[in-house]
Amino acid sequence: MSQSDHIPVVLLAGDASIVAVKQRLEEKGLRVVLVNEENVLTEVRRASEISAAQATPQQPEARTDEPFFEHLFHHSPVAVVMVDETDRVRKCNAEFTRLFGYESSDAEGQLVNDLIVPAQMSEDGSELSRQVLTGNRAYRETVRRRKDGALIDVAITGAPLAVQGRRYAFAIYQDITARRLAERARQRLERFVRGVLNALPDSIAVLDETGTILMVNESCQRFARDNGLAWPDYGVGRNYLTESGGRTDSATEATRGIGRVVAGEQQHLSLEYPCHSASEQRWFLMRASRFATEDGPRTVVIHTNITERKQAEQQISELLGEKELLLRETHHRVKNNLGVIRGLLALEGEPQEGTSSSTILQDAASRVGTMMTLYDRLYRSGEYRDMSLRDYLPSLVAEIMRQFESASSVETVLRIDDVVLGAKTLSPLGIMITEMITNSMKHAFTAVDAPRIELVMQTDGAVTTLTYADNGVGLPDSVSATAPESFGLRLIHLLADQIGASLRVHGDAGTSYTITLPNGRPRGDRDLKAGSTGPACLVPRANTGYAELGPKDGPGGDV
């Protein structure tokens, strides 16, 4: 067997003509190796090394194989170049000239770096050549320049080659522009998706098929920082299902639900849960959904802060409850006020010597108007239950005074503290003041040159005191301040008793009234609870003094 029998002939597989060549060579007794793109460099180098080691001055048969090597070299589907120790191109194949735009005659003899390496990467190109020429293999993905100046992405595989004692560098260039474009597109898409996830206010985590955290967005990281969660890398690489469950019943329920989604037992999960901190109450909506990827199933877990919505729902629920209570209370007030009107008309219906029916009806209308003024002010204030005396009494006094033609000649002095009382107290208090002013205007100023009315409302924290005084003729001797028979004084006594106030009346130098009301909720001013008819309402009964109408006759509570 000749020495050439030990040297394999390397042919690139895939071409029908190559198969025919292989058959002819094998008929001559040669060993033929078919290779693909991946191992062509290795086989060519191995054949070259064997050839160099066994070469002798008389090898005529070895030279007969050279056309086949030339064919293999020049028709390889990948760009191949061989450079010598000075880094100059000795041979390049057709694919090399096509890829970089040079003719073989233009390239051979030129420094390979001058041909295809961009100026800013010359040092990198020289280092690659030195590495291979000193006997080392190399692989690098980089950028090279075409003859027209265009840059292309290439993968370079380089290996040293020794032929007849001389060293060469054998390099294969593969155009990876399409792959790089796809990678850059994928990277842009990943950056876009991550940017979208990071822009969302919801906390988002992506889990693999075992529940391990693959990524979390910035909102999730921020929540971890703000709440003292000490996971490194914000939990990436840790198992979500084993780390998050068991702290509370809600956490356990959520973790079990996510586990079912991760396992594929259900596609989606939605759950609202509380997550209160030491400083605030918080609620979250947790949603989990399973989706498929090329790398296997994934689960996205989203936590949305719904605290504002929950608080709004609670507020709406409270407002609805308060609305229902207000409606109940409104019905009671209307019914009670109608009862008061009935009682007032019944009292006014008693025979009163020297008083016309028209006057009686006007007085009754004045008292009803007092209640109207109160509820109009409550309605306008938007509070419906409470009101400051400073807002209520001036308008009430002005409304009463407008009923008298002589009002312009009467000086009215008001000094009122900012005291807030409930409607159940303000209504009887307003009727009492109506009676006081009406009595003064009708009876006090018959022989007074500079009539004057003074109304003072003060509080010292424990009690609120109303002082009313006029500079009129005072009470007649026939009228008792403690056991009055007149309708107005009887009504004032009755109403003071109803709201739990003490009353003192003086009639010597003008007429004065001092009403002392304990601060806080007085009797008859308690909040009306659902299902309650309220306290009894005292109303005067004609001829017989006072009578008590309990819940059977009317719900009471207002005057």
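Everything that follows concerns the structure shown earlier in this document.
Throughout what follows, the structure given in this document is the object of discussion. (Residues numbered from 1 in each chain as written. Predicted model: local features only at pLDDT ≥ 70, side-chain atom pairs only at ≥ 80, totals over all residues. Heavy atoms only, no water.)

Some points on the overall build of the protein chain
Our working definition: Helix and strand definitions here come from DSSP, where helices need a minimum of 4 consecutive H or I residues and strands a minimum of 2 consecutive E residues; each element is numbered from the N-terminal end. Residue burial is assigned from relative accessible area. The probe radius is 1.4 Å, only protein chains are included, and a residue is buried under 20% of its type maximum, exposed over 50%, and partly exposed in between. Throughout, a contact is declared for two residues whenever any of their heavy atoms are within 4.5 Å. Each accessible area is a Shrake-Rupley estimate made with a 1.4 Å probe; only the visible protein chains count as cover when residues are assessed.
Check the secondary structure of the protein chain and you find 17 helices and 21 strands. For the protein chain, buried positions account for 41% of its 559 residues. In the protein chain, the share of contacts with a sequence separation of at least 24, taken over all contacts with a separation of at least 6, comes to 54%. As displayed, the protein chain offers around 30400 Å² of accessible surface, 51% of which is attributable to carbon and sulfur atoms.

Considering the sheet that holds strand β10 (residues 268–274)
Our working rule: Pairing between two strands is assigned when DSSP locates at least 2 bridges connecting them. Axis lines are fitted to C-alpha atoms, over the contacting stretch for helices. Their N-to-C directions set the angle, which ranges from 0 to 180 degrees.
The 5 strands lie next to each other as β9-β8-β12-β11-β10, forming an open sheet whose pairing is antiparallel. The outermost strands of the open sheet, each flanked by one partner alone, are β9 (213–216) and β10. Averaged over neighbouring strand pairs, the angle between their axes works out to 20 degrees when direction is ignored. When strand β8 (residues 203–207) meets β9, the two strands line up antiparallel, connected through 3 bridges. The residue bridging valine 206 from the neighbouring strand is methionine 215, located in β9. Packing against the sheet, helix α10 (residues 218–226) makes contact with β8, β9 and β11 (283–293), and its axis sits at approximately 110 degrees to β8. Contacts between helix α12 (residues 249–262) and the sheet are confined to β8, β10, β11 and β12 (296–305), with β10 contributing the most and set at about 170 degrees to the helix.

Focus: the nonpolar core
Quick reminder of the rule: Within this scheme, the nonpolar core is defined by two criteria: the residues are buried Ala, Val, Leu, Ile, Met, Phe, Trp, Tyr or Cys, and they are joined through side-chain atoms within 4.5 Å.
With 43 residues, the main nonpolar core has Leu389, Leu393, Met432, Ile437, Met441 and Leu466 as its most contacted residues. Of all the elements in the fold, those that place two or more residues in this core are α15 (389–401), α16 (423–444), β16 (452–459), β17 (463–470), α17 (487–498), β18 (502–506) and β19 (512–518). Ranked by residue count, the leading element in this core is α16, at 9 residues. The next biggest cluster of nonpolar side chains, apart from the first, holds 24 residues, and it includes Val81, Phe100, Ala107 and Ile152.

Observations concerning the packing of α15 against α16
A pair of packed helices is captured by two measures, namely the crossing angle of their axes and the spacing between those axes. Counted only if it meets this: Here a crossing is taken to be left-handed if its near helix is turned anticlockwise relative to the far helix by less than a right angle, and right-handed if that turn runs clockwise. Residue polarity follows a fixed list, in which Ala, Val, Leu, Ile, Met, Phe, Trp, Tyr, Cys and Pro are nonpolar, Asp, Glu, Lys and Arg are charged, and the others, Gly among them, are polar.
With their axes 10 Å apart at the nearest point, α15 and α16 run at an angle of 35 degrees to one another. For the element pair α15 and α16, the recorded crossing hand is right-handed. Residues Leu389, Tyr392, Leu393, Leu396, Val397, Ile400 and Met401 of α15 form the contact with α16, whose own contacting residues are Leu426, Leu429, Gly430, Ile433, Thr434, Ile437, Thr438 and Met441. Among the residues making up the contact of α15 with α16, the classes are represented as 12 nonpolar, 3 polar and no charged.

A look at the packing of α16 against α17
Quick note on the threshold: Our angle categories are set so that under 35 degrees counts as roughly parallel, over 145 as roughly antiparallel, 65 to 115 as roughly perpendicular, and the remainder as oblique.
With their axes 9 Å apart at the nearest point, α16 and α17 run at an angle of 155 degrees to one another. As the angle between them shows, α16 and α17 are arranged roughly antiparallel. In this structure, the crossing between α16 and α17 has a hand that is left-handed. Where α16 approaches α17, its residues Pro428, Ile431, Met432, Glu435, Met436 and Asn439 are matched on the opposing element by Gly488, Leu491, Ile492, Leu495 and Ala496. Residue composition of the contact of α16 with α17, by class: 8 nonpolar, 2 polar and 1 charged.

Some points on the packing of aromatic side chains
Aromatic rings in a pair are described by how distant their centres are and how their planes are angled relative to each other. Here is the rule we go by: Aromatic contacts are taken between Phe, Tyr and Trp rings whose centres are within 6.5 Å, Trp giving its six-membered ring; a plane angle under 30 degrees counts as stacked, one over 60 as edge-to-face, and the others as tilted.
Counting across every chain of the model gives 7 aromatic pairs. When the centroid spacing of 6.0 Å and the interplanar angle of 50 degrees are considered together, the rings of tyrosine 468 and tyrosine 513 count as tilted. Taken together, the residues tyrosine 468 in strand β17 and tyrosine 513 in strand β19 connect sequence positions 45 residues apart. For the pair shown, tyrosine 468 and tyrosine 513 are each scored as buried. Clustering of aromatic rings is evident, with ring pairs tying together Phe96, Phe100 and Tyr173.

Quick notes on empty space enclosed by the protein
Put simply, the rule reads: For each structure, a 1 Å grid was placed over the protein atoms alone; sets of points admitting a 1.4 Å probe that cannot get out are labelled cavities, open sets with protein on both sides within 12 Å along at least five of seven lines are labelled pockets, and lining residues have an atom within 4 Å of a point. Grid points are joined across faces, edges and corners, and a volume is the space filled by probe spheres set on the points.
According to the stated counting rule, one finds 4 cavities of 30 Å³ or more in the structure shown. Here the largest cavity is characterised by a volume of approximately 180 Å³. Residue lining of the largest cavity: 20 residues in total, with Val112, Leu128, Ser129, Ala171 and Tyr173 positioned closest to the centre. For the lining of the largest cavity, the elements supplying multiple residues, two or more each, are β3 (79–83), α7 (112–116), α8 (122–133), β6 (151–163) and β7 (166–175). Considering only residue class, the lining of the largest cavity consists of 13 nonpolar, 5 polar and 2 charged.

Topic: the pattern of salt bridges
Charged atoms that come close allow side chains of opposite charge to pair. The condition that has to hold: The term salt bridge refers to a pairing of a side-chain nitrogen on Lys or Arg with a carboxyl oxygen on Asp or Glu at a separation within 4 Å.
Taken as a whole and assessed by the stated rule, the structure comprises 23 salt bridges. Among the ionic pairs, arginine 180 bridges to aspartate 153, the shortest N-O distance being 3.6 Å. Taken together, the residues span a long stretch of sequence, with arginine 180 in helix α9 (residues 177–199) and aspartate 153 in strand β6 at a distance of 27 residues. The pair formed by arginine 180 and aspartate 153 is uniform in burial state, with each residue classed as buried. Its salt-bridge partner being glutamate 399, residue arginine 402 comes within 2.4 Å of it at the nearest N-O pair. Accessibility expressed as a relative area gives 60% for arginine 402, which makes it exposed. In this structure glutamate 399 comes out as partly exposed when scored by relative accessible area, which is 33%. Salt bridges here are not isolated pairs; linked through shared partners, they connect Glu141, Asp153, Arg179, Arg180, Glu183 and Arg184.

Read these as geometric descriptors, not functional statements.
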